[in-house]
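Descriptive structure summary
Here's the letter readout for the chains.
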Amino acid sequence: MTDGTQTTDTETRDDQPVDHEQLSHATRLILDAVGEDPERDGLVDTWERRVPDAYKELTQGYREAEKPTMRTFDAEGEDLVVKTGIPFYSLCEHHLLPFHGEAHVAYRPDGQVVGLSKLVRYVKWASRRLTIQEQLTRDISEGLAEEIGADAVLVELSATHMCEAMRGVEAHTTTTSRASVGEFDDDERQRFRDAIAAEGRR
Ligand code: ZN
């Protein structure tokens, strides 16, 4: 392996930082609306500082400046690179509640590979926004294909949604979603499934 060139992203998103003051105001309104006293001890820091700071971190995926640098390296061969069991935490856009679980990623290199820890950091960054699971699965597969310049990318997410687990029947279910870019042959798909099954047995 030799040093390769760093991939660049031509698309620039709105890199505005979060509006701390507005988040603070909005949190105070929610506390008031549910019948709390925003001025009582224990809640002042909640709307003044803690919730705005949490949202700043949990929405980093909107900001390109927070995206991990995906340095790629020249590599020979087209053997599938597989990384399973990547933890992710995201927020559902319907309820602003967390959904979280594991991401499994496979890609077929096209002359370039990226460190496995970068895959983990990319999934983490991409998850930090308001979204739905299917969209996040697509975002990760398409984003990685572009970042790595890979021929083909397969992504599977299995997640528990707090909006389901905490509301209504409090069902604790796991939802699985898949997305891919490019074509995979049967052997490659089987290898990916086997790797995920092995991860599940650990
Ligand atoms: Zn939801």
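Because the structure is predicted, anything quoted here is derived from the model rather than measured.

Adjacent strands of a sheet pair through backbone hydrogen bonds, lying either parallel or antiparallel. Taken in spatial order, the five strands of this open sheet run β6-β3-β4-β7-β8, and their pairing is mixed. Pairing within the sheet leaves two strands with one partner each, and these edge strands are β6 (130-131) and β8 (175-181). Of the pairings in the sheet, the one linking strand β3 (residues 81-92) to strand β4 (residues 98-108) comprises nine bridges and is antiparallel in character. Bridge assignment links Ser 90 to a residue of β4, and that residue is Phe 99.

Below, the discussion takes up the pairing of strand β7 (residues 152-161). For β7, the buried fraction is high: ten of the ten residues fall into the buried class. Neither face of β7 is exposed, since Ala 152, Leu 154, Glu 156, Ser 158 and Thr 160 on one face and Val 153, Val 155, Leu 157, Ala 159 and His 161 on the opposite face are all buried. Both β4 and β7 contribute to a ladder of ten bridges, which runs antiparallel. When the sheet's bridge partners are listed, His 100 is paired in β7 with Thr 160. Sheet analysis places β7 next to β8, joined by seven bridges and oriented antiparallel. Across the sheet, residue Leu 157 finds its bridge partner in β8, namely Ser 177.

Rules and cut-offs
Residues numbered from 1 in each chain as written. Predicted model: local features only at pLDDT ≥ 70, side-chain atom pairs only at ≥ 80, totals over all residues. Heavy atoms only, no water. Pairing = 2+ DSSP bridges. Helix = DSSP H or I, 4+ residues; strand = E, 2+ residues; numbered from the N terminus. Buried < 20%, exposed > 50% of the residue type's maximum accessible area, 1.4 Å probe, protein only.

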